[in-house]
Amino acid sequence: MDMELRRISETSRSAIVLILLLCVHVAHSFYLPGVAPQDFEKGDELKVKVNKLTSIKTQLPYSYYSLPFCQPKKIVDSTENLGEVLRGDRIENAPYSFKMREAQMCNVLCQVTLDEKTAKAFKEKIDDEYRVNMILDNLPLVNPVDRGLGSPDVVYQIGYHVGLKGQYAGSKEQKFFMHNHLAFTVRYHRDVQTDSARIVGFEVKPYSIKHEYDGKWSEKTRLTTCDPHTKRLVVSSLTPQEVEPKKEIIFTYDVDFQESEVKWASRWDAYLLMNDNQIHWFSIVNSLMIVLFLSGMVAMIMLRTLYRDISRYNELETQEEAQEETGWKLVHGDVFRIPTNSDLLCVYVGTGVQCLGMVFVTMIFAMLGFLSPSNRGGLMTAMLLLWVFMGLFAGYASSRLYKMFKGTEWKKIAFRTAFLFPAVVSSIFFVLNALIWGQKSSGAVPFGTMFALIFLWFGISVPLVFVGAYLGFKKPAVDDPVKTNKIPRQIPEQAWYMNPVFSILIGGILPFGAVFIELFFILTSIWLNQFYYIFGFLFLVFVILIVTCAEITVVLCYFQLCSEDYLWWWRSYLTSGSSALYLFLYAAFYFHTKLQITKLVSAMLYFGYMLIASCAFFVLTGTIGFYACLWFTRLIYSSVKID
């Protein structure tokens, strides 16, 4: 019988691995674009749009026209979704004029004379390494940079720097220089039959050049430093444009069109190309080793426990075995005793179910390509909406557990579930938003968007939590497999390694260990302004996280019950939930080793948002561990026949 069980177990594991590998394949091969393809004929006008200015040093986005760049006759804002607004995107029209497949050289945009205020603004943005972001046909502008070390590959950096800092030869004084000439390259894929084309790439090489001209400036003035008639083009920044008050800056640009073999459906591949797949696979293998180790321990515990129970009732056990198994069986009259602060536990479990449902469904949509980077803000919008609608399951889970704890006031528990976690997150968010407002950043959430968020919470999420709680409370209560004694049993003195704090902290290490490699890539995509699209790997890691949380909690719960300590309710939640502490500590480590943030406001933003992420991770992992332990205790105690 044991051999058959092992064969079934091995077969099921092979099937699971096969399914997970298929998920990775689907995530890489199946792509649903964010917009329909658009065909352009030769000479068609191409609309270039500008987006926010971004910096990895400050993490504070600003609108493009917050700096005195050249402006169109009328600035028109593009319609943005909820996720784009929360990300600080401000998409507006640009003064650049492109004609499909018609190259342009040395086009003059405008001439600007700096004063004290504008020169200072440019210098601050250059010093903070701000980048300009643009969009053409829903493709972000990228700056191709050579990898170096003799590699033919290039790295695509999103946007281009506003300017650069440097020194003149023979001088030690630091100067600021403006990138005032942009050499654009638009790559297109041409249809041989119709001669129409689709845009598949949008690149730029920025230059800083002090433009010169003869006579007085007018709109028809020809530059001597950049003139297509004399075939004098900008190819370097040997005579850069300095940023100083009363300095004249002339903004120019080139546009070149290059045919490409890349098809429209594959145009994002260059942006999403990940050259570190080996690291991701190492992460998966590392996590699987943890899972296999824990699975072996759980299997051993389950088989030993059940085998000895059967042996006992068949009167085949020895006296030594009976003494070994007395630990967890002795506390059968107390193991399902209602814990202290049971209402709060119900709220935490309900919130964890809400968070788990949101993450799971989001990942399914992301794997299917619905939340690709071409759909800007789609990921954040989807997560917010899913969180709101998952309130139904939060109310249901919290009221079911509340009724199991003999509770009667389901409205009270529904109210706490609807408000506790969102209130904590909203408080942190409002404080951070006030800081962003103080910096006059475009990342500050406008009043209209704030109203929309409040409506989602109070108008949809709260009623759904109450509906779920009502449905959950209507169902009959879950009966305990064993009766609870009226008088609590005294817990014997525990060994040092069974100390609650120690075992809880130990329990969080393995779940965190299963995800920390992938966590590095997630933090890099968020804080270093890079694309993350390996959702197949992420889903695998998420599944491994669920299994790891469940198994480590079951193992430590079993050891706790064997020590005749029956206070497992809260400890089961905190054991796997403590991995959130390690996540926050890792975020602090990442801050000090990978980021260049020096401003206090930026640091507060980083740690504020990472605190919100850690809180969400706490309720998610804690809920997984709690339900695993609840299932385990009900299983083993239902198999024991109490005399």
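What you are looking at is a predicted structure, and each value in this text was computed from that prediction instead of being measured. (Residues numbered from 1 in each chain as written. Predicted model: local features only at pLDDT ≥ 70, side-chain atom pairs only at ≥ 80, totals over all residues. Heavy atoms only, no water.)

Draft legend 1. Quick look at the packing of helix H13 (residues 509–527) against helix H14 (residues 535–562). Direction vectors running N to C along H13 and H14 enclose 160 degrees, while the axes themselves pass 8 Å from each other. Here H13 is positioned roughly antiparallel relative to H14, judged by the angle of their axes. When the axes of H13 and H14 are compared, the crossing they make is left-handed. Along the contact surface, H13 presents Leu 510, Pro 511, Ala 514, Val 515, Glu 518 and Ile 522, while H14 presents Phe 537, Leu 538, Val 541, Ile 544, Leu 545, Thr 548, Cys 549 and Ile 552. In terms of residue class, the contact of H13 with H14 is made up of 12 nonpolar, one polar and one charged. (Axes fitted to C-alpha atoms, helices over the stretch in contact; angles between N-to-C directions. Helix = DSSP H or I, 4+ residues; strand = E, 2+ residues; numbered from the N terminus. Parallel < 35°, antiparallel > 145°, perpendicular 65-115°, else oblique. Left-handed = near helix turned anticlockwise from the far one by under 90°. Contact = heavy atoms within 4.5 Å. Nonpolar A, V, L, I, M, F, W, Y, C, P; charged D, E, K, R; others polar.)

Draft legend 2. How the structure looks around the sheet that holds strand S12 (residues 175–178). With antiparallel pairing, the three strands of this open sheet are ordered in space as S11-S12-S15. Both outer strands of the open sheet, strand S11 (163–166) and strand S15 (241–242), are each paired with one neighbouring strand and no more. Across the sheet, helix H3 (residues 116–127) touches S11 and S12, and the angle it forms with S12 is around 95 degrees. (Pairing = 2+ DSSP bridges.)

Draft legend 3. Representation of the pairing of strand S2 (residues 48–54). Among the seven residues that make up S2, six are buried, leaving the element largely enclosed by the rest of the structure. With five bridges joining them, S2 and strand S6 (residues 131–136) adopt antiparallel strand pairing. Among the inter-strand pairings, Val 48 is bridged to a residue of S6, identified as Leu 136. Where S2 meets strand S3 (residues 92–93), two bridges bridge the pair, whose relative direction is antiparallel. If you follow Lys 49 over to S3, its bridge partner there is Asn 93. (Buried < 20%, exposed > 50% of the residue type's maximum accessible area, 1.4 Å probe, protein only.)

Draft legend 4. Broad picture of the environment of Leu 114. Here Leu 114 is to be found in the loop between strand S5 (104–113) and H3. The spacing of Leu 114 and Val 243 is 129 residues in sequence and 8.0 Å in space, taken between C-alpha atoms.

Draft legend 5. Examining the state of the cysteines more closely. Counted under the stated rule, the structure contains two disulfides. Covalent S-S linkage joins Cys 70 and Cys 110, the inter-sulfur distance amounting to 1.8 Å. Here the disulfide of Cys 70 and Cys 110 is left-handed, its torsion about the S-S bond being about -80 degrees. Placement of the pair is Cys 70 in the loop between S2 and helix H2 (82–87) and Cys 110 in strand S5, with a sequence separation of 40 residues. (Disulfide = S-S within 2.5 Å.)

Draft legend 6. Fine view of the pattern of salt bridges. By the definition in use, this model includes 20 salt bridges. Of the charged contacts in the structure, one is a salt bridge between Arg 190 and Asp 195, with a shortest N-O distance of 3.0 Å. Taken together, the shared-partner salt bridges in this structure form one network comprising Arg 101, Arg 190, Asp 195 and Glu 259. (Salt bridge = Lys/Arg side-chain N within 4 Å of Asp/Glu carboxyl O.)

Draft legend 7. Spotlight on the confidence of the model for the protein. Confidence along the protein averages 83 in pLDDT terms, with 87% of residues attaining 70 or more. Considering only residues more than four positions removed or in separate chains, one finds that residues 1–34, a stretch of pLDDT under 50, has 36 contacts. (pLDDT = per-residue confidence, 0-100.)

Draft legend 8. A look at H14. With 28 residues, H14 should reach 40 Å at 1.5 Å per residue; the first-to-last C-alpha distance of 40 Å fits that figure. Burial analysis of H14 places 22 of its 28 residues in the buried class, which makes it a mostly covered element. Just downstream of H14 lies Glu 564, where phi reads positive at about 65 degrees. (Expected span 1.5 Å × (residues − 1).)

Draft legend 9. Structural view of the packing of helix H7 (residues 342–367) against H14. Contact pair H7 / H14: the axes reach a minimum separation of 9 Å and the direction vectors enclose 150 degrees. As judged from the angle between their axes, H7 and H14 are roughly antiparallel. Regarding H7 and H14, the two cross each other, and that crossing is left-handed. When H7 is examined against H14, the residues Leu 356, Val 359, Phe 360, Met 363, Ile 364, Ala 366 and Met 367 are found in contact with a partner set consisting of Phe 535, Gly 536, Leu 538, Phe 539, Phe 542 and Ile 546. Among the residues making up the contact of H7 with H14, the classes are represented as 12 nonpolar, one polar and no charged.

Draft legend 10. A look at helix H12 (residues 500–507). Taken as a whole, H12 has its buried residues at Ser 503, Ile 504 and Gly 507. Viewed end-on, H12 has its buried residues packed into an arc of 100 degrees, placing them on one side of the element. Buried residues along H12 sit in contact with H13, H14 and helix H15 (569–577). The N-cap residue of H12 is Asn 499: its side-chain oxygen and the backbone nitrogen of Val 501 are 3.0 Å apart. (Arc of directions from axis to C-beta. Polar contact = N/O pair within 3.5 Å; in protein donor to acceptor, adjacent residues only side chain to side chain.)

Draft legend 11. Spatial organisation of the side chain of Arg 571. As for its placement among the helices and strands, Arg 571 is situated in helix H15. The exposure class assigned to Arg 571 is buried, which follows from its relative accessible area of 9%. In terms of polar contacts, Arg 571 uses its side chain to reach the backbone carbonyl oxygen of Met 498, at 3.4 Å. Here Arg 571 is in contact with Met 498, Pro 500, Ser 503, Ile 504, Gln 560 and Asp 565, once residues within four sequence places are set aside.

Draft legend 12. Summary view of unusual backbone geometry. Despite not being glycine, Asp 195 shows a phi value in the positive range, around 65 degrees. Structurally, Asp 195 is set in the loop between strand S13 (181–190) and strand S14 (197–207). A positive phi is found at Glu 564, a non-glycine position, where the angle reads about 65 degrees.

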